[in-house]
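The residues making up each chain are set out below.
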Amino acid sequence: MSAAFRKAAKARQRPHRERAQPAARTKLGLLEKKKDYRLRAHDYHKKQNALRELQKKALDKNPDEFYFKMIRAEVKDGVHVVKQPKDEITPEQVKLMRTQDIKYVEMKRVAEAKKIERLKAELHLLDAAGSSARRHLFFVDTEREAKEFDIAAHLDTLPELVDRVYNRPTIATLQREAVKGPTDPVHLKKLAQQRKNQYDLLRQRIEREKAMFVISQKIQTRKDLLDKTHKVKVKKETTTGPAIYKFKFQRKR
């Protein structure tokens, strides 16, 4: 077949055109392929089965059935939304609740302060084992007296009792009566550990009392902010103190 013949045969071919869409079905869009039709039919039957199941549930439903989501739910823009109930509370009720919170925190803080005072009375503020040693200064007139200075003789006690900062009897007292309290090193070490534990407990209680005081101040500040008076923040809130506000002065009648 020559090239001229192929060119002439190609010129005689009619262009392929899709089957015309009937005017009555123009609104449904262009004709689709057989595969697309099967998918659409499958989706149609699936939806019909779902509707049939819903109709069956509606027929079997108890007409007297009620639950609160029937009135707390609605559909917005095709999305199922559950209405959140609003807290009905007045500003006076909020102030009263804040006052109750302050009273509770203050009650706990006062109880903690009483425990602190009781612990201090028991410990008599004695040094715990492992704490920094105190310095006791003695003043003399000359360097010779400083070199020959005897602490035990100056304190009028035994050399073994010089290191004590409490319960250090004099020689005259020891001549009249024996040393009171334990003298065994093991027992003394045990007592020192107990005393250290008591001081640790005292420190924790003091920190807790300070934290409760800060909490009560912050609650009081939030309560004061409920007032409609114009105010300006002077200092930001920190972990150790509440925020500070400056309120506009109003003359009271």
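Cut-offs applied
Residues numbered from 1 in each chain as written. Predicted model: local features only at pLDDT ≥ 70, side-chain atom pairs only at ≥ 80, totals over all residues. Heavy atoms only, no water. UniProt positions renumbered as here; feature names shortened; annotations may be inferred. Helix = DSSP H or I, 4+ residues; strand = E, 2+ residues; numbered from the N terminus. Contact = heavy atoms within 4.5 Å. Phe/Tyr/Trp six-rings, centres within 6.5 Å; stacked < 30°, edge-to-face > 60°. Buried < 20%, exposed > 50% of the residue type's maximum accessible area, 1.4 Å probe, protein only. Patch = residues over 30% accessible without salt bridge, like charges linked within 9 Å, V, L, I, M, F, W, Y side chains within 5 Å. Areas by Shrake-Rupley, 256 points an atom, 1.4 Å probe, with all protein chains shown as cover. Salt bridge = Lys/Arg side-chain N within 4 Å of Asp/Glu carboxyl O. Lys, Arg positive; Asp, Glu negative; His and termini not counted. Charge placed at Lys NZ, Arg CZ, Asp CG, Glu CD. Core = buried A, V, L, I, M, F, W, Y, C linked by side-chain atoms within 4.5 Å.

Per an unreviewed UniProt entry, the protein chain goes by the name U3 small nucleolar RNA-associated protein 11 and belongs to Taeniopygia guttata. According to its UniProt record, the protein chain has this under Function (unreviewed entry): "Involved in nucleolar processing of pre-18S ribosomal RNA."

Participant: Can you help me understand the side chain of Arg109 in this one?
Facilitator: On the secondary structure map, Arg109 appears in helix α4 (residues 91-123). Among residues more than four places away in sequence, those in contact with Arg109 are Glu209, Met212 and Phe213.

Participant: What should I look at first to understand unusual backbone geometry in this one?
Facilitator: Trans is the common state for peptide bonds, and a negative phi is the common state for residues other than glycine. With phi around 55°, Asp77 is a residue other than glycine that occupies positive phi space. Positionally, Asp77 belongs in the loop between β1 (73-76) and β2 (79-82).

Participant: How do you make sense of the packing of aromatic side chains when you look at a structure like this?
Facilitator: Each aromatic ring pair is characterised by the separation of its centres together with the angle its planes make. The final tally for this structure, using the stated rule, is two aromatic pairs. Ring centres of Phe66 and Phe68 lie 5.5 Å apart, and the angle between their planes is 70°; this geometry places the pair in the edge-to-face category. Geometrically, the ring pair formed by Phe138 and Phe149 is tilted, given 5.3 Å between the ring centres and 40° between the ring planes. Separated by eleven residues along the polypeptide, Phe138 in the loop between α4 and α5 (143-147) and Phe149 in the loop between α5 and α6 (151-155) bring together distant segments of the chain. What makes Phe138 partly exposed here is its relative accessible area of 27%.

Participant: Mind showing me how you'd approach a positive patch on the surface here?
Facilitator: Taken together, Lys108, Lys114, Lys115 and Arg118 make up a surface patch of like positive charges. Among the secondary structure elements, Lys115 is positioned in helix α4.

Participant: Before we go on, may I ask you to explain the nonpolar core in this structure?
Facilitator: Most often, soluble globular proteins have nonpolar side chains that are buried together. In this structure, Ile116, Leu119, Leu123, Tyr199 and Leu202 together form the largest nonpolar core, which totals five residues. If you list the elements that add at least two residues to this core, you get α4 and α8 (185-224). In this structure Leu123 touches Arg195, Gln198, Tyr199 and Leu202, once residues within four positions along its chain are discounted.

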